[in-house]
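Chain by chain, the residues run as shown.
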Amino acid sequence: MHEMRQITKKLIFIFVLFFGTFEPLFGAYNVEEGFKHVSWRDKIFMRKFFDYAIKLDNAAHVLCFDHKPMCLTGVIIKYKHRIKALPCYKEWLAFKRNEHLFPHPNFIFCEELNNQDEIKILDIYIVNKIALYKCLLTHDNLFKNALGKEFSPDWFIEKLEEGQTLTKLINHSDFLLGILLGYGEESAKAYQDTQRADGSIPEWTETYTGIDAPQPCGCKIFPISFMGNPKSLKTQQLLSAYERELQTIWNEYQKKNDSLLFFLKHLCRNRN
């Protein structure tokens, strides 16, 4: 009987050791625990970056739901006249230094350097892998026609995880990018068709104009916006879905009113 107790204790110890070590892979990761190892300076920098991404660049929709596969945000690396309202490179680097503390197997951060005259910006695509897979599967024919027979959702996500830039992967197609950003096939196609050779777009009309999803009263998070036909049934359905999402996001965000903790909590949450 004594030997059986000893064996049972050892088995329990092994079980706890194993699952304690691999908790981030099998369950919801404890963000607060990782947060303890982040310096106060890095917390300040990270909070500014995530605050911008959530409030202005629709990151919460990507983090919380599977409707919008990705969003585009970014940081300034070099600029002749500093724009204080925008995040800068050191704030992104603060997250990169601490990224290992917050496992996020369901999300990818795709970086892409963008040089324009006197300004250098690092474009950052925040990608929801589950939503992306669903989107690629739904629009399989469109992506296969544009990218070739080798395309598949698994192939595409694998390339992103290997570090290939998104715009290169989609052959710089504004149409495919619009779909991936969650603007719908109809609006993405309309945007591509109306672009001029110099990259500009024509004047707005009743059937093609800038569209904002409705914003809840008092909400400090900007709604999703894009170009399209506001009278289209598909567009109205899309806007309605994003309105419901934003209401849910805003209700939860107000509980702590902390962009950093909100971002990390959803980045690391168990989505199984």
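Computed from a predicted model, the values in this text were never measured in an experiment. (Residues numbered from 1 in each chain as written. Predicted model: local features only at pLDDT ≥ 70, side-chain atom pairs only at ≥ 80, totals over all residues. Heavy atoms only, no water.)

1. Description of the overall build of the protein chain
In terms of helices and strands, the protein chain carries 14 helices and five strands. In the protein chain, which comprises 272 residues, the proportion classed as buried is 43%. Put simply, of all contacts in the protein chain between residues at least 6 apart along the chain, 63% involve residues at least 24 apart. Here the protein chain has roughly 15500 Å² of accessible surface; of this, 55% comes from carbon and sulfur atoms. (Helix = DSSP H or I, 4+ residues; strand = E, 2+ residues; numbered from the N terminus. Buried < 20%, exposed > 50% of the residue type's maximum accessible area, 1.4 Å probe, protein only. Contact = heavy atoms within 4.5 Å. Areas by Shrake-Rupley, 256 points an atom, 1.4 Å probe, with all protein chains shown as cover.)

2. Describing the nonpolar core
Soluble globular proteins tend to bury their nonpolar side chains together. Ranked by internal contacts, the top residues of the largest apolar core, which has 38 residues, are Met46, Phe102, Phe263, Leu264 and Leu267. In this structure, Ile108, Cys135, Leu136 and Ala213 belong to the second largest nonpolar core, which totals 33 residues. (Core = buried A, V, L, I, M, F, W, Y, C linked by side-chain atoms within 4.5 Å.)

3. Focus on the environment of Leu260
Within the element layout of this structure, Leu260 appears in helix α14 (residues 259-268). Once you skip the residues sitting within four places of it in the chain, Leu260 turns out to touch Phe35, Lys43, Met46, Arg47 and Phe50.

4. Some points on the packing of aromatic side chains
Within the structure shown, the criterion is met by 15 aromatic pairs. Taken together, a centroid distance of 5.6 Å and an interplanar angle of 65 degrees make the contact between Tyr253 and Phe262 edge-to-face. The pair formed by Tyr253 and Phe262 is uniform in burial state, with each residue classed as buried. Positioned above the aromatic ring of Phe35 is the side chain of Lys43, whose terminal nitrogen or guanidinium carbon lies 4.4 Å from the ring centre. (Phe/Tyr/Trp six-rings, centres within 6.5 Å; stacked < 30°, edge-to-face > 60°. Lys NZ or Arg CZ within 6 Å of the ring centre and 35° of its normal.)

5. Here we look at the sheet that holds strand β1 (residues 70-79)
Taken together, the three strands give an open sheet; going across it, the order is β1-β3-β2, and neighbouring strands pair in antiparallel fashion. On the outer flanks of this sheet lie β1 and β2 (107-116), each paired with one strand and no other. Along the sheet, successive strands turn relative to each other by an average axial angle of 20 degrees, direction set aside. Two elements, β2 and strand β3 (residues 119-128), share 10 bridges in a ladder whose sense is antiparallel. In the sheet register, Glu111 faces β3, and the bridge partner there is Ile124. Where helix α7 (residues 129-138) meets the sheet, its contacts fall on β1, β2 and β3, and the angle it forms with β3 comes to roughly 80 degrees. (Pairing = 2+ DSSP bridges. Axes fitted to C-alpha atoms, helices over the stretch in contact; angles between N-to-C directions.)

6. A look at the side chain of Thr235
Inspection of the secondary structure puts Thr235 in helix α13 (residues 233-256). When its relative accessible area of 3% is taken as the criterion, Thr235 is described as buried. Engagement of the side chain of Thr235 in a polar contact is seen with the side chain of Glu186, the distance being 3.4 Å. Not counting residues within four places of it along the chain, the set of residues in contact with Thr235 comprises Glu186, Ser187, Ile211, Phe226, Asn229 and Pro230. (Polar contact = N/O pair within 3.5 Å; in protein donor to acceptor, adjacent residues only side chain to side chain.)

7. Examining the environment of Lys36
In this structure, Lys36 sits in the loop between α3 (31-35) and α4 (40-57). C-alpha of Lys36 to C-alpha of Leu101: the two residues are 65 residues apart in sequence and 9.7 Å apart in space.

8. A closer look at the pattern of salt bridges
Considering all chains together, one arrives at 14 salt bridges under this definition. A salt bridge links Lys231 to Glu206, with the nearest nitrogen and oxygen atoms 3.2 Å apart. One end of the pair, Lys231, is in the loop between β5 (225-228) and α13; the other, Glu206, is in the loop between α12 (185-194) and β4 (209-212), and 25 residues separate them in sequence. Taking the relative accessible area as the measure of exposure, Lys231 reaches 54% and is therefore exposed. (Salt bridge = Lys/Arg side-chain N within 4 Å of Asp/Glu carboxyl O.)

9. Describing helix α6 (residues 89-98)
Of all the residues in α6, the buried ones are Glu91, Trp92, Ala94, Phe95 and Asn98. With its buried residues spanning 150 degrees around the axis, α6 presents them on a single face. For α6, the secondary structure elements touched by its buried residues are α4, β1, β2, β3 and α14. (Arc of directions from axis to C-beta.)

In short, the description is geometric, and any link to function would need to be established separately.
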